[in-house]
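Breakdown of the fold
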Amino acid sequence: MKTSVTKLSPSEGQIILWKAGYGRIPTHTELAIRGINSSESLLCVLCFKEPESMDHLLCHCEVVSKIWKMWCFMWNVQLVFPEKVKDLIVV
Ligand SMILES: [Zn+2]
């Protein structure tokens, strides 16, 4: 029996979620932690109210939340957002 490599490898969405959960996506906050943020402000570029982090962008940003709510309404889906992106990762 031949097993496809694509069935064994994680999907692109799983990889992005893992990177987001472990601080591997270069948000303003992550770049500042590494000392390479050249931006004067760490604020979220969408709402300008909170520091830009993956937890903020995916779980708490009011702009992104509006988009998720519209998407949920269109597809008749209910979502419950976790406090942290890492909570979405199932080991
Ligand atoms: Zn925001």
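Keep in mind that this is a model prediction, so the values were computed, not measured.

1. Quick look at the overall build of the protein chain
Along its length, the protein chain carries five helices and zero strands. Restricting the contact set of the protein chain to residue pairs at least 6 apart, pairs at least 24 apart contribute 38%.

2. Digging into the nonpolar core
Among the nonpolar cores identified, the biggest contains seven residues, and these are Ala20, Cys44, Met54, Leu57, Leu58, Cys61 and Val85. It is helix 4 (residues 54-60) that provides the largest number of residues to this core, a total of three residues.

3. A few points about unusual backbone geometry
Phi is positive for Phe48, close to 60°, though the residue is something other than glycine. Positionally, Phe48 belongs in the loop between helix 3 (28-33) and helix 4. In this model, Asn76 sits at a positive phi of 55°, which is unusual for a non-glycine residue. Position of Asn76 among the secondary structure elements: in the segment after helix 5 (62-75).

4. What to know about the confidence of the model for the protein chain
Across the protein chain, the average pLDDT comes to 86, with 87% of residues at or above 70. Across the protein chain, the secondary-structure element scoring lowest on mean pLDDT is helix 1 (residues 5-8), at 64, and the one scoring highest is helix 5, at 94.

5. Some words on helix 5
End to end, helix 5 covers 20 Å across 14 residues, agreeing with the expected 20 Å (1.5 Å per residue, within 8%). Counting buried residues in helix 5 gives zero out of 14 residues, a small share hidden from the surface. Just past helix 5, the residue Asn76 takes up positive phi, approximately 55°.

6. What to know about the environment of Ala32
By secondary structure assignment, the location of Ala32 is in helix 3. Counting along the chain gives ten residues from Ala32 to Leu42, while the straight-line C-alpha distance between them is 7.9 Å.

7. A word on the environment of Gln14
Position of Gln14 among the secondary structure elements: in helix 2 (residues 12-21). Sequence spacing of Gln14 and Ile89 is 75 residues, and the spatial spacing of their C-alpha atoms is 8.4 Å.

8. A short note on the environment of Ile36
Within the secondary structure, Ile36 is located in the loop between helix 3 and helix 4. A tally of 9 C-beta atoms within 10 Å means that Ile36 is categorised as exposed.

Conventions we followed
Residues numbered from 1 in each chain as written. Predicted model: local features only at pLDDT ≥ 70, side-chain atom pairs only at ≥ 80, totals over all residues. Helix = DSSP H or I, 4+ residues; strand = E, 2+ residues; numbered from the N terminus. Contact = placed C-beta atoms within 7 Å. Core = buried A, V, L, I, M, F, W, Y, C linked by C-beta atoms within 7 Å. Buried ≥ 20, exposed ≤ 12 C-beta atoms within 10 Å, placed from the backbone. pLDDT = per-residue confidence, 0-100. Expected span 1.5 Å × (residues − 1).

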